[in-house]
Structures are given as structure tokens and as C-alpha cells.
Amino acid sequence: MQPRDERPAELERLYRAVRGWNVNPERLGVFVIVATGLLAALLKAWLAPLTVDEAWTFNAWIARGPAHIWTDYSQANNHILHNLAAWCVTRVCGTSPLALRLPALLGRALFLAAGAGLLRVLVRRPLVRLAGLLTLALHPYLLDFGVLARGYAPAMGLLTAGVYLLAAAGTTAGRCACLRRPVVAAGLASLCFGLAAGCVPLAAPPAAAALAAWIVFYGGAAPRRPVWVTAAAALPAVLVTALTYRHAAAQVTRSTFYFGTVSVAESVASLGRILLYLPQGRVDADGYPDFGSGVFFHPWDPGRLSDFVYAAAAQAPWAWLAPLVCLAAVLVLLAAGRRRGGAAQGLLAATLLFALPPLFLGLTFFGARLPWNRTWVLLLCFFPPALFAAADRAGPVMAGVLAGGLAVVLNLNALDRLDLHTFWEWPDNAVVPGALHTIAMEREAGDTDVSVGYPPYLNACLLYYRERFDYGWLRVAPGAAATKPVWDYIILNRGNMAAERYEVYRSVRTYPALEVTLLRHAQPQGG
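Residues numbered from 1 in each chain as written. Predicted model: local features only at pLDDT ≥ 70, side-chain atom pairs only at ≥ 80, totals over all residues. Heavy atoms only, no water.

### A few points about the overall build of the chain
- The helix and strand tally for the chain stands at 22 helices and five strands.
- Residues counted as buried form 52% of the 527 residues belonging to the chain.
- Within the structure as shown, the chain displays about 23500 Å² of accessible surface, and the carbon and sulfur contribution to it stands at 65%. (Helix = DSSP H or I, 4+ residues; strand = E, 2+ residues; numbered from the N terminus. Buried < 20%, exposed > 50% of the residue type's maximum accessible area, 1.4 Å probe, protein only. Areas by Shrake-Rupley, 256 points an atom, 1.4 Å probe, with all protein chains shown as cover.)

### Observations concerning unusual backbone geometry
- A positive phi angle is found at Asn373, which is not glycine, with a value near 55°.
- Residue Asn373 is classed as buried on the basis of its relative accessible area, which comes to 0%.
- For Asp470, which is not a glycine, the phi torsion comes out positive at approximately 60°.
- Among the secondary structure elements, Asp470 is positioned in the loop between helix H22 (459–468) and strand S2 (474–476).

### As for the pairing of strand S4 (residues 505–511)
- By the bridge criterion, six bridges tie S4 to strand S5 (residues 516–521) in an arrangement that is antiparallel. Each residue of the ladder has a partner; that of Arg506, found in S5, is Arg520. (Pairing = 2+ DSSP bridges.)

### So, the sheet that holds S4
- Strand order across the open sheet formed by five strands is S2-S1-S3-S5-S4, with mixed pairing between neighbours. Among the strands making up the open sheet, the edge pair consists of S2 and S4. For this sheet, the mean angle separating the axes of adjacent strands, direction not counted, is 25°.
- Examined bridge by bridge, strand S1 (residues 450–453) and S2 share three bridges and lie parallel to one another. Residue pairing in the sheet places Val452 in a bridge with Val476 of S2.
- Where helix H21 (residues 432–442) meets the sheet, it contacts S1, S2, strand S3 (489–493), S4 and S5, and its direction lies at approximately 135° from that of S4. (Axes fitted to C-alpha atoms, helices over the stretch in contact; angles between N-to-C directions. Contact = heavy atoms within 4.5 Å.)

### Here we look at helix H14 (residues 264–276)
- For H14, which comprises 13 residues, the first-to-last C-alpha distance of 19 Å matches the rise-based estimate of 18 Å (1.5 Å per residue) to within 8%.
- In the stretch just after H14, Tyr277 is the one whose phi turns positive, near 50°. (Expected span 1.5 Å × (residues − 1).)

### Section: the nonpolar core
- Membership of the largest hydrophobic core comes to 149 residues, with the highest contact counts inside it found for Phe193, Leu378 and Ile491.
- The next biggest cluster of nonpolar side chains, apart from the first, holds six residues, and it includes Ala477, Ile490, Tyr505 and Leu519. (Core = buried A, V, L, I, M, F, W, Y, C linked by side-chain atoms within 4.5 Å.)

Here it is as C-alpha cells:
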């Protein structure tokens, strides 16, 4: 008879293994936060209908193959390297919204992993690091652009990875010894920056700023052979960018980059709005948030906080205070960079400061408008790490207070207004698949030609879903012709058409939160 405490050999080995586990609470927290951020992105990629920019990208480039993607740069919407990756995915996984967004989800995963590494280099206190990572994972605007089938998510991931490699070079923060070598870190970072610029040209200013700051102001992490380090930092980025845009150079005109604002004040205020994800105005005639409408709240996304909180937010100039706080954080990190052991903090601060002049001056040179909303997103991803790294420079108690306050301000509103079905800049695009299903259910069985009027900016979405749902009977008129008054159905939004012109139409389906109505003509027109 065996003694009572004797175990079989298998259980004994398992017991010893479990007893020897050394679970690091911070690593567990990083894993949970990154997994949560990826799960939110996956759910949104699955649940949210395709936006007009994604549909336009698919119709005009991805669906037409790699030769067209590589050679046509008539519009800056062609994010070349991302579109090539998306085309490869469609060959295997089809053309569903989730499939088209797979490259973006990979970019999102890289962004969160690199963000965790960057915070580990920048911030000394584990709880402050976790609070910063939570902001990167849950921020709704970063989530939106981490899901969209565009080049922003891969560019954010590659930019963050490049800055992390530079910040970790020459320190003990790198897990792999070879990454602590300046030449290797510079070469890999430069490659990341070149690929990021190949996804979105707007990645070039922060990429160049990071490399310049690292080489000029931080000595390339004190290399023994500065010439080799400089070459490693410059050549991969230049070569990849040149190869990517070799056909585009002859096609770029002063009208290629047209999205933005002409007002410096509005440009800076938009940075504050997206950083705090403030409620905005209604949708205008072009489908964008209408900041001049005098309405502070998202009608499609009011949140669940009390009216008192929203009223207080409406009275405070948060859109201006947020950039000022960010500037103060950058100056704190820049000062820290002059001290021993503060090279990583100084690198991030210099990157943000040096990226602004070329971003503004470069866009102005090309005749483009100043950054506005989405054109800030490739810098926005670095502001939360800067804020939490600056808070970490304070004393132990004050650092906890500042980090906790930042976490509440940046994450409470995010959690309150997290939306997995619509996008902040394209809210009413989400009605298209539901509206088309309604039309398909209502149309007569013998109808072979059903016409639909719509706001012109929804054209790409309607074309995409007509093909996806195989609605060959649906007529989608091009461009402004879609606003003519005689159609079988009309998708009517607040800004594109006056409702009183359509007395002969009846409401079929309404989307009150999005201020959209689907109308049906009393007598079908058939075109």
C-alpha cells in the first residue's frame, strides 16, 4: 500500500512545475491589456460595416490588382504597401470587411506590442507603464484607425516599433543583445520607418525626426563607428520609400493632398479633440462631423455619463488645454533627456518637436492643408507615452496621482463611448448594408432594376456592397447624379437633400441616432 503523500510521477512533475512558476504581475497585466486591445479591434473589424474610404480604396486599387496599386498614385488614398498586402489577403480570404482589415489588425498588434516595449524603456514605475498601455489599447480614435482597411494601422505599428528600437539601443532594455547594438538597431528602425512611409506618406516626418534626433542629439546611442550608424539609419528608409513611390513622383500635384484645414487654430484644436475623443457636431453634407453646426454632442454617440459631466465638458476649452498639456509633457521629457539615463525620454520629445515643422511646412509646400483629425493620427499614438513618461518623472506619490488622473481622463471617456459598430469620422456610413437589405426585402419579386438616390459620398460603399451581396438589380448612379429627385429609394441624411422635396416618398426605415432615413417612392420608378 502506497503512502498517502506519494504521488504518481506525472502529477509530481506537474506539481514541481507549477510550484516553480514565477508569474510576473506586470507581464500578466501587459498580456491582458494587449489581448483586450486586440479583441476590441477584432470585434470592431467584424461588426462595423465598411466605410467610404475603405470601400473607395478597395474599388479603385485593391480590386484592380498589384500592377495598378504600384503604378497609380492619382489620389493619396492609395496607401501602396498596405493595399498590396490587402490584395494578397483577398486572394486567400475573400473580400469581406474582416478580410480587408486583416493587414490593419496585424499593424494594430505590432503597435500594441511596440507600445508596451516603448513604455518599458520610457517609464520606471510598472503601474504607470500599465496605465499608459491601457490608454494605447482602449483609445477609441486609435482603435478606429487600428481597424480601418487603410495604411494607418501598419504605419502606426512600424513607427512605434522603430522609435522603440532606437530608444532601447545601447540600454539594457532590449531583450535581444543584438538589438542593443546601435548599427543593428538603426538599420532595423530605418527599415520600419521606410515601410511605414510606404504605407502612409505622412509617416515620413516623424520617421525622419526620430532618426535625426537619435543621430544628432543622442549620438546614435554613442556608437564607435558613427559613419556606419548614420548609413544604417538612412539607407533602408530612403531605399524602401524611393522604391515604393518611384511611379508616384510624376503623378503628385498640388491637389493630391487635399484633406485638412487652412486654419492653424483649427488644426491644433482638432488634435485636442481626437486626443480626448470629445463629442462633436452632426454630420455635414460631405459626411464629416460638422464642427460649425453649434452642436457639441455626437447625436450618434452620446455616451452614458451624466448630463452634468457633458455640460462641464462643453464649457471647458479641452480642445486647447490638451495640446498645451502635451507640450508641457514634451518639454519635461526634453529636459530629462539632458540628464544621465534620459536618452529615451529625450528621443521621444525631440521626435515630436522635430516632426511638427516638416509636417506643417511640407504640407504647405505641396499645396496641402494643415493637419486635421486623421492626419494627426501618426503623431497621436506617441502623445500618451509622452504624457505618462512625463508623469513618471515626478516623485513617487505625485507620479501616481498624475498617472491616475491621466488614466481617468483618457480612458473613462473612452470606455463610456466605445463603439464597435460605427467610426468617429464616418458615422452614417454604417447604414449602407442595412439599408440595402431592407430594399432587397421590400422590392417586388420581378423587379430587375431598382434605383437608389443617396448622399454622393456613399457611392463607394454602395458599389462595394452591391457586389458583395450580389445585388445585380440595384442601380447606383455615379457622383452628384445620385441626388436627383426621382428614385425608387432614397437614403436621406441631414445635409445632402431637403426632405420637403420628397412628399411622394414614405419612410421605410429610420436611423435616428445617425439622422438618416430610408425613403421609398409611392410609385416605383425603375430608374
